[in-house]
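Residue strings, one per chain:
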Amino acid sequence: ESIWHRHSLLSTTGRVPDRAVLINCAGTTGFIGHNPTSLQDIQQAADLNFTSKAWLSSRFIEQYSNSNTTVVNISSMCAVKPTPTMALYCSTSAGREMYHNVLATTTPARILNYAPGSCNTNMQALVREHEALDPAVQAYCQSLVVEGTLVPCEDTAAELVRLVFEPDTFQSGERVEYVNMSNYKY
């Protein structure tokens, strides 16, 4: 359900849910290339990958401040590992993660930065096939497909559900990686 639908429900029923969970995973790779010089590309990446996610998390926490609230920022390797030709995606991912870390210190909500690993998604396919992607990064991404080592989406999603709904599985603000991202070589 969208936050807006839930808001209208709360307004008419007056009921606050016992638990509220937001899986905040919107984003795009945006510009891929060596040097983003277009102000429009930079602003678009910042607006979609940082500003909108920060606003949504803050509004959600505000809306459900009386509930047992959990916000999950879906993160990636790019938040912690410089990835050639993906400067905008890496920097907005790192910014999002830090923003959520700060939220963890200033709100009663539980905050999790969850890195699901390289899953076989449309975004992963788009990145590995992009003509401007660094050749070493592209070779690494393609090797995941060839070697069959892409993370099954169902497995990483099941782990995320376990983390969110089992008590004491993470400290608020913690980064949890489904796979050890230090193994990512390029």
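To start, this report covers the structure provided alongside it. Residue indices follow the written sequence of each chain, beginning from 1 at its first position. Side-chain atom pairs in this predicted model are given and counted only at pLDDT of 80 or more, local residue features only at pLDDT of at least 70, and totals for whole chains, interfaces and linings cover all residues. Based on all heavy atoms of the structure, the side-chain values leave hydrogens and waters out of the count.

### What to know about the environment of Glu 177
Formally: Only DSSP runs of H or I with at least four residues qualify as helices, and only runs of E with at least two residues qualify as strands; both kinds are numbered from the N terminus onward. Contacts are residue-level and defined by heavy atoms, with any inter-residue pair within 4.5 Å sufficient. N or O atoms within 3.5 Å of each other form a polar contact, as long as, within protein, one can give a hydrogen and the other can take it, and as long as residues adjacent in sequence are counted only when both atoms are side-chain atoms.
Among the structural elements, Glu 177 can be located in strand S4 (residues 174-177). Separated by 100 residues in the primary sequence, Glu 177 and Met 77 place their C-alpha atoms 8.7 Å from one another. When near neighbours in sequence (up to four residues on either side) are disregarded, Glu 177 contacts Val 80 and Ala 115. A polar atom in the side chain of Glu 177 sits 3.0 Å from the side chain of Arg 175.

### Structural notes on the pairing of strand S2 (residues 68-74)
The cut-off we apply is this: For every residue, the accessible area obtained with a 1.4 Å probe (protein chains only) is divided by the maximum for its type, and the residue is called buried under 20%, exposed over 50%, and partly exposed between those limits. Two strands are counted as paired when DSSP detects at least two bridges linking them. Looking down the strands as they point away from you, a crossover is right-handed if its path from the first strand over the helix to the second goes clockwise.
Counting buried residues along S2, six of its seven residues qualify, which places the element largely inside the surrounding structure. Pairing of strand S1 (residues 19-24) with S2, which is carried by six bridges, proceeds in the parallel orientation. In the strand pairing of S2, Val 21 is matched with Thr 70. The pairing of S2 with strand S3 (residues 110-115) spans five bridges and is classified as parallel. Paired with Val 71 across the strands is Ile 111, a residue of S3. Read from S2 through helix H3 (residues 87-106) to S3, the crossover connection turns out right-handed.

### Comments concerning a nonpolar patch on the surface
Put simply, the rule reads: Each patch groups residues whose relative accessible area exceeds 30% and which form no salt bridge, using 9 Å between like charges and 5 Å between nonpolar side chains of Val, Leu, Ile, Met, Phe, Trp and Tyr. Calculation of accessible area relied on Shrake-Rupley with a 1.4 Å probe; when residues are assessed, cover is drawn exclusively from the protein chains displayed. What counts as a salt bridge is simple: a side-chain nitrogen of Lys or Arg found within 4 Å of a carboxyl oxygen of Asp or Glu.
The grouping of Val 21, Ile 23, Val 161 and Phe 165 at the surface amounts to a nonpolar patch, some 320 Å² of accessible area in total. Elements represented by at least two residues in the nonpolar patch include exactly S1 and helix H6 (153-165). Of note, Ile 23 is situated in strand S1.

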